[in-house]
Amino acid sequence: MSKEYDPFMHTAEHVLNQTMVRMFGCGRSFSSHLNADKSKCDYHFPRPLEDAEASELERRINEVLAQHMPVRTEMLPREEAGKLVDLGRLPAHLEGEEELMVRIVTVGDYDICPCIGEHVENTSEVGAFRLVSHDFTPPQGDEEAGRLRIRFKLKKNA
């Protein structure tokens, strides 16, 4: 792999993304920067996040992480993977490859998506999720939504 991945943060990102989808109906993050100390995810979002919503988001993520869900990866043919997940973010140079195998990551029955990152084996290994801050940049020009940035840290289990 060309990138270094922190398996704890990367697994937390999956749970954060799915929780954002479930709570707000927005898509998964369109940009992220994950490292072991602090991470951020950016979402297309129509408004600033209220502090009460941020607290509820953090609570729900920690609730999911505490459920001891297995984290699994499997390789699926492109056609089969496309029936389960959105493949719209695959690199353009892979567009015409019919025999392409896609790596799919599932977090229990909570999340499923294509992913090349490293992950823990069980959500209980991640530790506590802490939403450090959030900010909003309003839409610009003809954009329909602004950018919501969420910064987070993990308190890893001892």
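About the cut-offs
- Numbers given to residues run from 1 along each chain, matching the order in which its sequence is written.
- Given that this is a predicted model, residues contribute local features only at a pLDDT of at least 70 and side-chain atom pairs are listed and counted only at 80 or more, while totals for whole chains, interfaces and linings are drawn from all residues.
- Excluded from the side-chain calculations are hydrogens and water; all other atoms, namely the structure's heavy atoms, are used.
- UniProt positions are given in the numbering used here, feature names are shortened, and annotations may be inferred rather than shown by experiment.
- A run of H or I in DSSP becomes a helix once it reaches four residues, and a run of E becomes a strand once it reaches two; helices and strands are each numbered from the N terminus.
- The globule rule used for comparison is 2.2 Å times the number of residues to the exponent 0.38, while the radius of gyration itself is calculated over C-alpha atoms.
- The contact criterion used is simple: two residues touch if any of their non-hydrogen atoms lie within 4.5 Å.
- Computed by Shrake-Rupley with a 1.4 Å probe, the accessible areas treat only the displayed protein chains as cover when residues are assessed.
- By the counting scheme adopted, Arg and Lys are positive, Glu and Asp are negative, and His together with the chain ends is not counted.
- To locate a charge, the coordinates of NZ of Lys, CZ of Arg, CG of Asp or CD of Glu are taken.
- N or O atoms closer than or at 3.5 Å make up a polar contact, with two conditions inside protein: a donor-capable atom paired with an acceptor-capable one, and, for residues adjacent in sequence, both atoms drawn from side chains.

Named according to an unreviewed UniProt entry, the protein chain is Threonyl/alanyl tRNA synthetase SAD domain-containing protein originating from Bilophila wadsworthia. The Cofactor (unreviewed entry) comment attached to the protein chain in UniProt states, word for word, "Zn(2+)".

K.L.:
I tried to follow the overall build of the protein chain on my own but got confused; where do I start?
P.N.:
Helices and strands together make up the secondary structure of the protein chain, namely 3 helices and 7 strands. Its helices and strands in sequence order give the protein chain the pattern α-β-β-α-β-α-β-β-β-β, from N to C terminus. Here the C-alpha atoms of the protein chain give a radius of gyration of 16 Å, agreeing with the 15 Å that 2.2 N^0.38 yields for 158 residues. Over its C-alpha atoms, taken along the principal directions, the protein chain stretches across nearly 45 × 45 × 25 Å. When contacts within the protein chain are restricted to residue pairs at least 6 apart in sequence, those whose partners lie at least 24 apart make up 68%. Split by element, the accessible area of the protein chain, about 9100 Å² in all, is 48% carbon and sulfur. The averaged location of the 28 negative side-chain charges in the protein chain is 6 Å from the averaged location of its 20 positive side-chain charges.

K.L.:
Is there a simple way to think about unusual backbone geometry in this case?
P.N.:
Across the chain, the bulk of peptide bonds are trans and the bulk of non-glycine residues have phi less than zero. Even without being a glycine, His68 presents a positive backbone phi close to 55°. Among the secondary structure elements, His68 is positioned in the loop between α2 (51–65) and β3 (71–77).

K.L.:
Looking at this structure, how should I read the UniProt feature "domain: Threonyl/alanyl tRNA synthetase SAD" (unreviewed entry) in the protein chain?
P.N.:
This chain's UniProt record puts "domain: Threonyl/alanyl tRNA synthetase SAD" (unreviewed entry) on residues 102–151. Here residues 102–151 runs as 0% helix and 52% strand, with 29 Å between its end C-alpha atoms.

K.L.:
Sorry, what's going on with the side chain of His119 here?
P.N.:
Structurally, the position occupied by His119 is in the loop between β5 (111–114) and β6 (128–137). A distance of 3.0 Å separates a polar side-chain atom of His119 from the backbone oxygen of Gly117. Beyond its immediate chain neighbours, meaning those up to four positions away, His119 contacts Pro7, His10, Thr11, His14, Val71, Arg103 and Val105.

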